[in-house]
Amino acid sequence: MQTLLLDTSGPFTTVLITKDGTLSASCILRDRPAEHLHEQIQTALDTIHSSPRDLNRIAAVVGPGSWTGLNIGVTAAKTLAQVLQIPLIPLYTLDVLAASEGKPSWTLMNAGRSQCYYAQHSSSGSAEMAVAPIDTVTRQIHTDPDLTRILEYGDTFKERFPGNEMYRSMDRLPPDALVQAMHAAPGIQGADIKSLTPVYLQPSHVEQDASR
Amino acid sequence: MLILGIDTSCDDTGAAVVEDGHQVRSNIVASQYEAHERFGGVVPVIAAREHTANISFIIESALETARISFADLDAVAVSHHQGLMLSLVVGVSAAKSIALACDIPLIGIHHLEGHIYSNLMGRSDELHFPFLCLTVAGGHTLLLKVVSHGTYELLGHTRDDAAGEVLDKVARHLNLGYPGGAAIEKLAKDGNPHAYSFPRPLMNRPDGEFSFSGLKTAVTAAIDRDPDLNQADLCASFQQAVIDLLVSKTMRIAQKHQLRQITLAGGVALNTPLRKALQHAAQEHEYQIFTPPRDLCMDNGAMVAGAAYSLYQERGPDPLSIAALANAPLGKTGIRYRHESKYK
């Protein structure tokens, strides 16, 4: 079972290939995905002397994250799955972030305009992702009696948790966490692949302004 | 040779299958008018989101209509230059994935070349190099001498707004909705084109330079002065001014450069009064006018595949690393038709 895994949600573009659940090739660039994503996929495949036809499934981070990066990554993943007629596993950024730690945690990332995407992960790892003002989420975190870990994708809200040893910022989704999250996530097929879009949890700023 | 052409340069998601550069086996376009209508123009982030949601269905539909599968494709072509950056990258990502997964050549096409080639498709027997191309849309207004495949000379362009852009902006000022060109044309049918005396900037200059912003200001000022004005008369007069500018410059440049075949391309080529005016003016000079079929005027994948067929013979395939560029020089000679700062 060979799986191609793509993450274009942040400042790094990550391409991984796993074989029977273990990482067999990786190509990570500190670059946005527009130009090099497909070259990276080719490079990763070449490393293990494989071709796209050898892939059995694709996993891709669908967000939240960089608007353009995700549009590119999700389009790449679903087009590859469409052509190769293989299943696709959508991965959610905050689930991957949580998978990097074995403990229950809060995960969050900047959503712009003083908002943040956040999820409170239970011991089973499941979580509902939402978007809310960072002030509200910070208050909830500070009053959580079971708080063990705060993980942020990026470091926008670092100053809100000064000296808090439970806080940790991450500038990219770690390969191990991506693979682990992939094992836990369900796959989709057929029409669900074609209709897949990045996670747009909130309207664009233009739409927000227009609705006022 | 079967080429899948993809265009996501602005707000239409287009995919088409074209055989041997001229036989359009399918041409599917998903319009985003409804998504942008309330904003009175295209919103780039929304356009990108809609492209991402639509692209797989449009490609599938193009293949199904052409009664082929991915395995039958010989190449995939995509508009990668000229347009909205956020939109272009979606089509480019899809095209690269198809090239990679099917192991077929990837052909990047300048969006403007797609419009230029919309007239050449299936007409190589009657349309001969060199010819003059007036390409008019929301993003550009150009007069080009098409010297040979992929080689152009810039004979004129707008120094400010594009013709399609001022049509959209005036329509927005009148609350006519989007796209504005079609709304203006519809209202203008019942209006008097001589009711208002709008300026025709640079019309009498001997060169091919256009300017539309002064006209736009004059029209919007007229609207602001009299909110109860006769919209049909205003639209007819405004449309006539745009047509006069486009036709007179085109004829003058054709005469100056002795180009007897003239093609009209781009979204504004859908405007029937413009087509008629150009035909009428051409008859006087015994020039030949070529206009593309109406479904090849707006942004579409067929024109991209059509251009790719000819240009692939000249240039060969592109690497998977081709980048989308909002503004890119055109053709072998690298024509720069926008302000220099746009190319940085």
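Analysis parameters
- Residue positions are counted from 1 within each chain, in the order its sequence is given.
- Both sets of labels track the order of writing: A upward for chains, 1 upward for ligands.
- This being a predicted model, a pLDDT of at least 70 is required before a residue's local features are given, and a value of 80 or more before pairs of side-chain atoms are given or counted; all residues contribute to the totals for chains, interfaces and linings.
- Excluded from the side-chain calculations are hydrogens and water; all other atoms, namely the structure's heavy atoms, are used.
- Helix and strand definitions follow DSSP, with helices as H or I runs of at least four residues and strands as E runs of at least two, each counted in order from the N terminus.
- Residues count as neighbours in contact if any of their non-hydrogen atoms are within 4.5 Å of one another.
- Strands were regarded as paired on the criterion that DSSP finds at least two bridges between them.
- Convention adopted: a line fitted to C-alpha atoms gives each axis, helices being fitted over their contacting stretch, and angles between N-to-C directions are expressed from 0 to 180 degrees.
- Exposure classes here rest on a 1.4 Å probe applied to the protein chains alone. A residue is buried below 20% of its type maximum, exposed above 50%, and partly exposed in between.
- Note on handedness: a crossover is taken as right-handed if, strands pointing away from the viewer, the path from the first strand over the helix to the second is clockwise.
- Segmentation into domains, and thus their bounds, comes from an automatic or database assignment.
- Summed over both partners, buried area is the accessible surface (1.4 Å probe) that two parts give up on being assembled.
- Salt bridge, as used here, is a side-chain nitrogen of Lys or Arg placed within 4 Å of a carboxyl oxygen of Asp or Glu.
- Polar contacts, as counted here, are pairs of nitrogen or oxygen atoms within 3.5 Å of one another; within protein the pair requires one atom able to donate a hydrogen and one able to accept it, and residues that are adjacent in sequence qualify only if both atoms are side-chain atoms.
- For this classification, the nonpolar set comprises Ala, Val, Leu, Ile, Met, Phe, Trp, Tyr, Cys and Pro, the charged set comprises Asp, Glu, Lys and Arg, and every other residue, Gly included, is treated as polar.
- Stacked, edge-to-face and tilted are the three classes for Phe, Tyr and Trp ring pairs, Trp counted by its six-membered ring, which pair at centre distances within 6.5 Å; planes under 30 degrees apart are stacked, over 60 edge-to-face, the rest tilted.

## Describing the side chain of S237(B)
Note that S237(B) resides in helix α8 (residues 231–256). Excluding residues within four positions of it along the chain, S237(B) makes contact with N192(B), P193(B), H194(B), A195(B), Y196(B) and F198(B).

## Examining the sheet that holds strand β9 (residues 261–265) of chain B
All names here are of chain B. Strands sit in the order β8-β7-β6-β9-β10 across an open sheet of five strands; the sheet is mixed. With one partner strand each, in any of the chains shown, β8 (151–157) and β10 (288–290) form the two edges of the open sheet. For this sheet the average axis-to-axis angle between neighbouring strands, irrespective of direction, equals 25°.

## Some points on the pairing of β9(B)
The side chains of a regular strand alternate, residue by residue, between the two faces of the sheet. Residue and element names in this part refer to chain B. Across the five residues that make up β9, a large majority, five, are buried. Where burial is concerned, the two faces of β9 agree: the one with Q261, T263 and A265 and the one with I262 and L264 are both buried. Where strand β6 (residues 131–136) lies against β9, four bridges are found, and the strand directions are parallel. Among the inter-strand pairings, L134 is bridged to a residue of β9, identified as L264. Where β9 lies against β10, three bridges are found, and the strand directions are parallel. Following the sheet pairing, I262 is matched in β10 by I289. Crossover connection from β9 via helix α9 (residues 272–285) to parallel β10: handedness right-handed.

## As for the domain arrangement of chain B
All names here are of chain B. On domain assignment, one finds that chain B holds domain 1 (2–116 + 296–343) and domain 2 (126–291). One C-alpha centre belongs to domain 1, the other to domain 2, and the line joining them spans 25 Å. Three residues stand out in domain 1 for area buried against domain 2, namely I116, C297 and Y337, and they jointly supply 27% of the buried area on that side. Viewed at the interface, domain 2 and domain 1 are joined by zero salt bridges. Our enumeration of links across domain 1 and domain 2 arrives at six residue pairs in polar contact (both at pLDDT 80 or more). Of all elements in the fold, only α1 (33–37), α4 (111–117) and α10 (301–315) reach the threshold of two or more residues within the side of domain 1 that touches domain 2. Of all the elements, α4 adds the most residues to the side of domain 1 that touches domain 2, at four residues. Classifying every residue of the side of domain 1 that touches domain 2 by side-chain character gives eleven nonpolar, seven polar and seven charged.

## Some thoughts on the packing of aromatic side chains
Counting across every chain of the model gives five aromatic pairs over all chains. Taking 6.2 Å as the distance between ring centres and 20° as the angle between the ring planes, the aromatic pair formed by W106(A) and Y118(A) counts as stacked. In this pair, W106(A) sits in strand β6 (residues 106–112) while Y118(A) sits in strand β7 (residues 115–120), placing the two residues twelve residues apart along the sequence. When sorted by exposure, W106(A) lands in the same class as Y118(A), which is buried. With 5.4 Å between their ring centres and 0° between their planes, Y196(B) and F198(B) make a pair best called stacked. Y196(B) gets classed as partly exposed once you look at its relative accessible area, which sits at 24%.

## Details of the interface of chain B and chain A
Tallying the contact residues gives 28 residues for chain B and 31 residues for chain A. Taken as a group, R49(B), T52(B) and L100(B) account for 22% of the area that chain B buries against chain A, more than any other trio of residues on that side. Counting every contact that joins chain B to chain A gives one salt bridge. Linking E60(B) and K194(A) is a salt bridge whose minimum nitrogen-to-oxygen distance equals 2.9 Å. Between the two partners, chain B and chain A, sit eleven residue pairs in polar contact (both at pLDDT 80 or more). Looking at the side of chain B that touches chain A, the elements with two or more residues in it are α2 (44–65) and α3 (85–102) of chain B. Examining the composition of the side of chain B that touches chain A, we find that eleven residues originate from one element, α3(B), more than from any other. Of the residues assigned to the side of chain B that touches chain A, the class counts are 19 nonpolar, five polar and four charged.

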